[in-house]
Amino acid sequence: MPPVTVQLGAITPSPSPLIPSPSLRPRESRTLLPAAAVGAGALLCSAPATPVPDPRGGRRPLPAMAQTHDAFTPPASEERVEIANKHAERLVGLLHDTGSNKIVVLCHGFIATKNDSLILDLTAALTKNGINVFRFDFSGNGESEGQFEYGNYWKEADDLHSVVLYLYQKSYDIAAVVGHSKGGDVVVLFASIYDDVRKIVNLSGRFDLKKGIEERIGEGSIDRINKEGYLDIKDKYENFNYRVTKESLMERLNTDMRAASISISKECRFLTVHGSADKTIPVEDAYEFAKLIPNHKLHVIEGANHNYTAHRKEVAEAVVNFITSDGA
């Protein structure tokens, strides 16, 4: 991890209005709707995909591996879709359509986007197997609206639910939701409170959210945030990266993954994948999920790091095989 510097100050809260989530509606045409007229899961607009800006400036090129297609497999069509979450914020995603009815939702990790290279490689693997993919930016990340927060675990679980509602409105069969790193924690929370997707995949999620904080944002940072209200994280060039507020820190510290894990229905099939050489989140966290989630399968990839940098084929195969299998 690159070195960071910190800046202290007082927190200024900024409330956001809530609007109710709508009930499921029949399949509808993809047309532009006034923002004031939509609720969670409603389509705002859709259009062919365009290059996506990096959230910290510039445009992020697509990795070569994720752009390739098998010579005998035509590439899936790609469509930009905007969906309102329950805070009336636009969630921006890309729908990869293979012509199938089955679809998988992919969720990125902390300070990442829908264009994270692992997300792109999973998209390529799934579409190659004829499965539609929807990848999107959580609120406050990438192209989506909203304020970036260090915590936001439960809000992101609600963002995911808004996406799921939308896809069901469009009569898709959601085969699974998949999340990496923080996104892995989000899918655990999602499965603990919503019972509308039968397969969940957690890639390298953290079990104990009280750990790993000061390793990322600096030794003594928790005490400083408690005293000053927030802490600004900057990169080695002194560019602002993100802010950790006391509220968002407490939300993370109070998020109980143990309680969430035991709340998941035994009807939900759950896969946890973790690398044995993960130095960001230790593989021991995966074993904790395995102990508590009722209908659980654990797949440890020997030698893999947190982002599966040299093990993309193995992680993609594990995900695809789990999603396409019928056994319990």
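Along each chain, residue indices are assigned from 1 in the same order as the chain's sequence is written. At least 70 in pLDDT is required for a residue's local features to be given in this predicted model, at least 80 for side-chain atom pairs to be given and counted, and no such filter applies to totals for whole chains, interfaces and linings, which use all residues. Derived side-chain values reflect all non-hydrogen atoms in the structure, with water molecules and hydrogen atoms excluded from consideration.

Engineer: I tried to follow the packing of helix H3 (residues 153-169) against helix H4 (residues 182-193) on my own but got confused; where do I start?
Structural biologist: A pair of packed helices is characterised by two quantities: the angle between their axes and the separation of those axes. The contact between H3 and H4 brings their axes to 8 Å, and the two run at 70 degrees. In terms of orientation, H3 and H4 fall into the roughly perpendicular class. Viewed along their axes, H3 and H4 form a crossing whose handedness is right-handed. Counting all contacts with H3, which are made through Tyr153, Trp154, Glu156, Ala157, Leu160, His161 and Val164, the residues of H4 involved are Lys182, Asp185, Val186, Val187, Leu189, Phe190, Ser192 and Ile193. A per-class count over the contact of H3 with H4 returns 10 nonpolar, 2 polar and 3 charged. Each axis is a line fitted through C-alpha atoms, and for a helix only the stretch in contact is used; angles between axes span 0 to 180 degrees, taken between their N-to-C directions. The helix count covers DSSP runs of H or I at least four residues long, the strand count covers runs of E at least two residues long, and both are numbered beginning at the N terminus. In this scheme, roughly parallel covers angles under 35 degrees and roughly antiparallel covers those over 145, while 65 to 115 is roughly perpendicular and the rest are oblique. Should the near helix be turned counterclockwise from the far one by less than a right angle, the crossing is left-handed, whereas a clockwise turn marks it as right-handed. Whether two residues touch is decided by their heavy atoms; if any such pair falls within 4.5 Å, the residues are in contact. Note on residue classes: Ala, Val, Leu, Ile, Met, Phe, Trp, Tyr, Cys and Pro are nonpolar, Asp, Glu, Lys and Arg are charged, and everything else, Gly too, is polar.

Engineer: Would you take a moment to explain the nonpolar core for this structure?
Structural biologist: The nonpolar side chains of soluble globular proteins are, as a tendency, buried together. Within this scheme, the nonpolar core is defined by two criteria: the residues are buried Ala, Val, Leu, Ile, Met, Phe, Trp, Tyr or Cys, and they are joined through side-chain atoms within 4.5 Å. For every residue, the accessible area (1.4 Å probe, protein chains only) is compared with the maximum for its type, and the residue is labelled buried under 20%, exposed over 50%, or partly exposed between those bounds. Ranked by internal contacts, the top residues of the largest apolar core, which has 38 residues, are Phe134, Leu160, Leu167, Val177 and Ile200. Aside from chain neighbours lying at most four places away, what touches Phe134 is Val81, Ile83, Gly93, Leu94, Leu95, Ile103, Val104, Val105, Leu106, Val163 and Leu167.

Engineer: What is the right way to look at the packing of aromatic side chains in this model?
Structural biologist: Note on aromatic pairs: each is described by the distance of the centres and the angle between the planes. Two aromatic rings from Phe, Tyr or Trp, using only the six-membered ring of Trp, form a pair when their centres are within 6.5 Å; if the ring planes differ by under 30 degrees the pair is stacked, by over 60 it is edge-to-face, and anything between is tilted. Counted according to the given criterion, the structure contains 8 aromatic pairs. For the ring pair Phe136 and Phe138, a centre distance of 5.0 Å and an interplane angle of 70 degrees mean the geometry is edge-to-face. For the pair shown, Phe136 and Phe138 are each scored as buried. The structure contains a cluster of three or more aromatic residues connected by ring pairs, namely Phe110, Phe148, Tyr150 and Tyr242. Only when the NZ of Lys or the CZ of Arg is both within 6 Å of the ring centre and within 35 degrees of the ring normal is a charge said to sit over the ring. The lysine or arginine in question, Lys199, covers the ring of Phe322, its NZ or CZ lying 5.7 Å from the ring centre. In this arrangement the basic side chain of Arg243 is found over the ring face of Tyr230, its NZ or CZ atom lying 3.7 Å from the centre.

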